[in-house]
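# Structural characterization, general
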Amino acid sequence: RLTEKFGAKADGKTDDTKSLLNCFNTATKAPNNVVVTIPSGKYIITDVIKINVNDTKSLTIKGETRSQLKAEIKATTFTTAFQILSFYWAPKGKLVLVNLNITGNNVPYSPSHPYYDKPQFTTGIEVLNLKNVLISNNVVRNFYGNGIFAAYSNISKNLKNRYDNVEISGNS
């Protein structure tokens, strides 16, 4: 379990960034299908959780739900929460991301906003260069930019290197 093996507290106070990064770095070294279950609780992050899936076939990230309470990933700094990617020249892998609350720290947009009229932004879930993606039943809120963003980062015309399937459903 994430809270025991990697030291995440999920108490809404402790910075769990390193615990989450260590968990995903360990999980994605497995060559086959990997499932990471994030237990209920509030996980504080202060930097992007960057997950490289080059070495695994499939990564499933699922939040455990107890009594209608989902696991929450809460950014307390101006950062993207999740960036999940593979090599742009050889995209592969499958991502399934379900049952999480992902919350940024964005303040209401106005002329007094710290990034008003500046080209800086954050994203709740950013997916780059994968072959198959399913993002479902998540709540993504308070990010200055995109809630969910899926793209292919190389502008080459080589169509075989693009997504085979992207499904984003049941999110709010």
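Report on the accompanying structure. (Residues numbered from 1 in each chain as written. Predicted model: local features only at pLDDT ≥ 70, side-chain atom pairs only at ≥ 80, totals over all residues. Heavy atoms only, no water.)

With that settled, the discussion passes to the overall build of the chain. The number of helices and strands found in the chain is two helices and 14 strands. Relative to its 172 residues, the chain shows a buried fraction of 44%. Restricting to contacts in the chain with at least 6 residues of sequence separation, those with at least 24 account for 78%. Of the accessible surface of the chain, which amounts to about 9000 Å², a share of 50% is contributed by carbon and sulfur atoms. (Helix = DSSP H or I, 4+ residues; strand = E, 2+ residues; numbered from the N terminus. Buried < 20%, exposed > 50% of the residue type's maximum accessible area, 1.4 Å probe, protein only. Contact = heavy atoms within 4.5 Å. Areas by Shrake-Rupley, 256 points an atom, 1.4 Å probe, with all protein chains shown as cover.)

Let us look at the sheet that holds strand β9 (residues 100-103). With parallel pairing, the five strands of this open sheet are ordered in space as β1-β3-β6-β9-β12. The open sheet has two edge strands with one neighbour each: β1 (11-15) and β12 (139-141). Each adjacent strand pair in this sheet contributes to an overall mean axis angle of 15 degrees, direction not counted. Pairing between β9 and β12: three bridges, direction parallel. Directly across from I102, in β12, lies its bridge partner V140. Lying on the sheet, helix α2 (residues 17-27) is in contact with β1, β3 (41-45) and β6 (71-75); it crosses β3 at an angle near 95 degrees. (Pairing = 2+ DSSP bridges. Axes fitted to C-alpha atoms, helices over the stretch in contact; angles between N-to-C directions.)

For strand β8 (residues 94-98), a buried count of four out of five residues is recorded, marking the element as mostly surrounded by other parts of the structure. Note: strand β5 (residues 58-63) against β8, five bridges, orientation parallel. For I61, the partnering residue across the bridge sits in β8 and is L97.

Here we come to the side chain of S58. On the secondary structure map, S58 appears in strand β5. You can call S58 buried: its relative accessible area is 10%.

Counting buried positions along β3 yields four of five residues, so the element is predominantly enclosed. As defined by bridge partners, β1 adjoins β3 across two bridges and the pair is classed as parallel. Bridged to D15 within β3 is I44.

What follows concerns the sheet that holds strand β7 (residues 82-85). Taken in spatial order, the four strands of this open sheet run β4-β7-β10-β13, and their pairing is parallel. On the outer flanks of this sheet lie β4 (49-52) and β13 (145-151), each paired with one strand and no other. On average, each strand axis in the sheet is inclined to that of its neighbour by 10 degrees, with strand direction left out of account. By the bridge criterion, four bridges tie β7 to strand β10 (residues 122-128) in an arrangement that is parallel.

As a further point, take the side chain of T79. Along the chain, T79 falls in the loop between β6 and β7. Judged by relative accessible area, which is 9%, T79 ranks as buried. Engagement of the side chain of T79 in a polar contact is seen with the backbone nitrogen of V48, the distance being 3.1 Å. The residues contacting T79, other than those within four sequence positions of it, are T46, D47, V48, T122 and F143. (Polar contact = N/O pair within 3.5 Å; in protein donor to acceptor, adjacent residues only side chain to side chain.)

This part takes up unusual backbone geometry. Backbone geometry places N137, a non-glycine residue, at a positive phi of 60 degrees. When you line up the elements, N137 lands in the loop between β11 (132-136) and β12. Not every positive phi belongs to a glycine, and N142 is a case in point at roughly 65 degrees. Relative to the helices and strands, N142 resides in the loop between β12 and β13.

A separate point is the environment of T26. Structurally, T26 is set in helix α2. When the C-alpha positions of T26 and F6 are compared, they lie 9.9 Å apart, and in sequence the two are 20 residues distant.

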